[in-house]
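# Notes for the structure review
Single-letter residue listing:
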Number of protein chains: 2
Amino acid sequence: MENIQNTTTNIKETTICSLGFQQYLDQIKSFHGSAAPGIIIGGFMVDLAIKHLPKGILFDAISETKSCLPDAIQILTPCTIGNGWLKVLSIGRFAIILYEKTQGEGVRVYLDVDKIEPWSEIKGWFLKLKPKGQQDYKLLIEQIQNAGTSIMSLQKIRIKAHLLEKKQGKRIAICSRCKEAYPLGDGTICLACKGESPYDLYHDIESPAFFQGI
Amino acid sequence: MENIQNTTTNIKETTICSLGFQQYLDQIKSFHGSAAPGIIIGGFMVDLAIKHLPKGILFDAISETKSCLPDAIQILTPCTIGNGWLKVLSIGRFAIILYEKTQGEGVRVYLDVDKIEPWSEIKGWFLKLKPKGQQDYKLLIEQIQNAGTSIMSLQKIRIKAHLLEKKQGKRIAICSRCKEAYPLGDGTICLACKGESPYDLYHDIESPAFFQGI
């Protein structure tokens, strides 16, 4: 069995959320920029999760990592970071959760370390056992396609209540320091002016020409 | 001038990052789900920022809010949350930053409260002066299209050094509690097992049929 799994001539016919494998790769390249192993595996994870949700429900999504998986979710489901239906956590596990929006019942899919054992390149990539330059990309993608959802495990879960709370329409204030609008609930000045700004300001740009000197 | 701006019969011909206005709306609907005002304005913000970056540089992006703007960035630039070129902050200001990846020099575009004054519907929407049900959506979109980038201000900025640091390839460990892979740097067990898990586990799913009872 392991020999068959590891040959390069026996690639399964695969669909991911009704897309052909190549179609999904094309969508990845268009959106994510490159056919990274993590987002290809992510496609199988989303496919598996959706198949285990009741049909026709409205669901939200969580990615437990910032890497790759949020893009698989955004390509294959209606959930995006900007529409609020996808939350991205930084807890560093390679897992996704899809759950019914109001009650939080749902499924969690994770890449199972025990199940990747027969797949040498997947194991080497996932556990970072060898540097990127030494990975066999072609074999890795073939193993991912052949392994499909067999390297994943599935859990029935319920999202914690505080993550389900519908945000109230926040009242808006104008920050007395930066003069920009911000959620009043953040305090008397905005969070950026409280020290969370990601940048240092050089200057306002009065005209496009002024910026040529960057 | 204000009369012209506020009529509904005088809509500007507009392009957003080389897309026609309608083309951009179609892309929004496909990706984000609905043509929300915030993401339409976000398109103009991205367009303005790109025009003020030096040509041909590789840039990363920051959204200062989780709402709408991350999706405008993801639709119109190569930066996505999953490829790591887009960071989404929760500091609640309606602003985006595009910056050269290695040195952090770039531009910040924000919706300027002073400049929205002539645009009644934009002002009402942005400052949440009236409930959503009382907003005139058609007029709002027309005002957004006609206002274009005139309601925005631009700053030259430099991203703080700690946000530019290239993450080292993290070493991977197996968590002794959940048995899943996680970044070793997070400690002796993973962050989820330290209390940051977003869910309560019902049970593992052994077979698809088992899940019908959700």
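Computed from a predicted structure; not experimentally measured.

This paragraph deals with the state of the cysteines. Residues and elements named next belong to chain A. In this structure the tally under the stated criterion is zero disulfides over all chains. No disulfide involves Cys 17; its sulfur sits 11 Å from that of Cys 79, the nearest cysteine. The thiol of Cys 193 is not disulfide-bonded; the next cysteine sulfur, from Cys 190, is found 3.8 Å away. Given the relative accessible area of 23%, Cys 193 is considered partly exposed.

Another aspect to go through is the relation of the copies chain A and chain B. Superposing chain A onto chain B takes a rotation of 180° combined with a translation of 0.0 Å along the rotation axis, leaving an RMSD of 0.0 Å. Taken together, the rotation and translation describe the operation of a two-fold axis. Within chain A, Ile81(A) has its C-alpha nearest the rotation axis, a separation of 4.0 Å. The share of interface residues of chain A whose copies in chain B are also at the interface is 99%, consistent with both copies meeting through the same surface.

Residue and element names in this part refer to chain A. Here helix α6 (residues 137–147) lies mainly inside the structure; nine of its 11 residues are buried. Leu 139, Leu 140, Ile 141, Glu 142, Gln 143, Ile 144, Gln 145, Asn 146 and Ala 147 are the residues of α6 that are buried. Directly after α6, the chain includes Gly 148, whose backbone phi takes a positive value near 55°.

With that out of the way, let us pick up the packing of helix α3 (residues 37–51) of chain A against helix α4 (residues 69–76) of chain A. Residue and element names in this part refer to chain A. At a closest axis distance of 8 Å, the pairing of α3 and α4 adopts a crossing angle of 50°. As summarised for this structure, α3 and α4 are arranged oblique, according to the angle between their axes. Considering how the two elements wind past one another, α3 and α4 form a crossing that is right-handed. Counted together, Gly 38, Ile 39, Gly 42, Gly 43, Met 45 and Val 46 of α3 and Leu 69, Asp 71, Ala 72, Ile 73, Ile 75 and Leu 76 of α4 form the full contact between these two elements. Looking at side-chain class alone, the contact of α3 with α4 contains eight nonpolar, three polar and one charged residues.

Moving on, we come to the environment of Leu76(A). Residues and elements named next belong to chain A. Within the secondary structure, Leu 76 is located in helix α4. By relative accessible area, which is 14% here, Leu 76 ends up buried. Taking the C-alpha atoms as reference points, Leu 76 and Ile 39, 37 residues apart in sequence, are found 11 Å from one another.

Here the focus is the environment of Lys51(A). Residue and element names in this part refer to chain A. Within the fold, Lys 51 resides in helix α3. By relative accessible area, Lys 51 is classed as exposed at 53%. C-alpha separation for the pair Lys 51 and Val 107, spaced 56 residues apart in sequence, amounts to 9.8 Å. Among the polar contacts made by the side chain of Lys 51, one reaches the side chain of Asp 47 at a distance of 2.8 Å.

All right, on to the sheet that holds strand β6 (residues 105–111) of chain B then. Backbone-to-backbone hydrogen bonds join strands into a sheet, with any given pair of strands oriented parallel or antiparallel. One open sheet holds the six strands; their spatial order is β10(A)-β7(B)-β6(B)-β5(B)-β3(B)-β4(B), and the pairing between them is mixed. Looking along the sheet, the strands with just one partner apiece sit at the ends: β10 (199–204) of chain A together with β4 (86–88) of chain B. Looking at each pair of strands side by side, their axes are set apart by 25° on average, direction ignored. The strands touched by helix α4 (residues 69–76) of chain B within the sheet are β3 (59–63), β4 and β5 (95–100) of chain B, with β3(B) carrying the most contacts at an inclination of about 160°.

The next point concerns the packing of aromatic side chains. Scanning all chains against the criterion turns up nine aromatic pairs over all chains. Taking the centre distance of 5.4 Å and the plane angle of 40° together, the rings of Phe31(A) and Phe31(B) count as tilted. Here Phe31(B) lies in helix α2 (residues 21–32) and Phe31(A) lies in helix α2 (residues 21–32), a pairing that spans two chains. One aromatic cluster is present, formed by Phe94(A), Trp125(A) and Phe126(A) through successive ring pairs.

Right, let's talk about the confidence of the model for chain A for a bit. Residue and element names in this part refer to chain A. With 90% of its residues at a pLDDT of 70 or more, chain A has an overall mean of 90. Within the model, the stretch residues 1–8 combines pLDDT values under 50 with 14 contacts to residues more than four positions away or in other chains. Note on residues 209–214: pLDDT under 50 across the span, and 13 contacts to partners over four residues away in sequence or across chains. Scoring of the predicted complex yields 0.90 for pTM and 0.89 for ipTM.

Each value, and the rule that gives it
Throughout, a residue's number is its position along its own chain's written sequence, starting from 1. Just so you know, chain letters begin at A and ligand numbers begin at 1, following the order they were written in. Confidence filtering applies because this is a predicted model: local features only for residues at pLDDT of at least 70, side-chain atom pairs given and counted only at 80 or more, and all residues used for totals across whole chains, interfaces and linings. Values reported for side chains reflect all heavy atoms of the structure, with hydrogen atoms and water molecules removed beforehand. Whenever a pair of cysteine sulfur atoms sits within 2.5 Å, that pair is classed as a disulfide. Buried, partly exposed and exposed residues are distinguished by accessible area as a fraction of the type maximum, computed with a 1.4 Å probe on protein chains only: under 20%, between the cut-offs, and over 50%, respectively. To line up the copies, we fit them by least squares on C-alpha atoms, keeping just the residues with pLDDT of at least 70 in both. Contacts are assigned to residue pairs that have any heavy atoms within 4.5 Å of one another. Per the convention used, a helix needs a DSSP run of H or I reaching at least four residues, while a strand needs a run of E reaching at least two, with both numbered from the N terminus. In this analysis an axis means a line fitted to C-alpha atoms, helices contributing only their contacting stretch, and an angle means the value between N-to-C directions, from 0 to 180 degrees. Between 65 and 115 degrees an angle is taken as roughly perpendicular, under 35 as roughly parallel, over 145 as roughly antiparallel, and anywhere else as oblique. By convention, the crossing between two helices is left-handed when the near helix turns anticlockwise from the far helix through less than a right angle, and right-handed when the turn is clockwise. Residues were grouped as follows: Ala, Val, Leu, Ile, Met, Phe, Trp, Tyr, Cys and Pro as nonpolar; Asp, Glu, Lys and Arg as charged; and all remaining residues, including Gly, as polar. Definition of a polar contact: a pair of N or O atoms within 3.5 Å, with one able to donate and the other able to accept a hydrogen when the atoms are protein atoms, and with sequence-neighbouring residues admitted only if both atoms are side-chain atoms. Pairing between strands requires that DSSP locate at least two bridges from one strand to the other. Classification of ring pairs rests on two measures: the distance between centres of Phe, Tyr or Trp rings, Trp counted by its six-membered ring, which must be within 6.5 Å, and the angle between planes, read as stacked under 30 degrees, edge-to-face over 60 and tilted in between. The score called pLDDT rates the predictor's confidence residue by residue, from a low of 0 to a high of 100.

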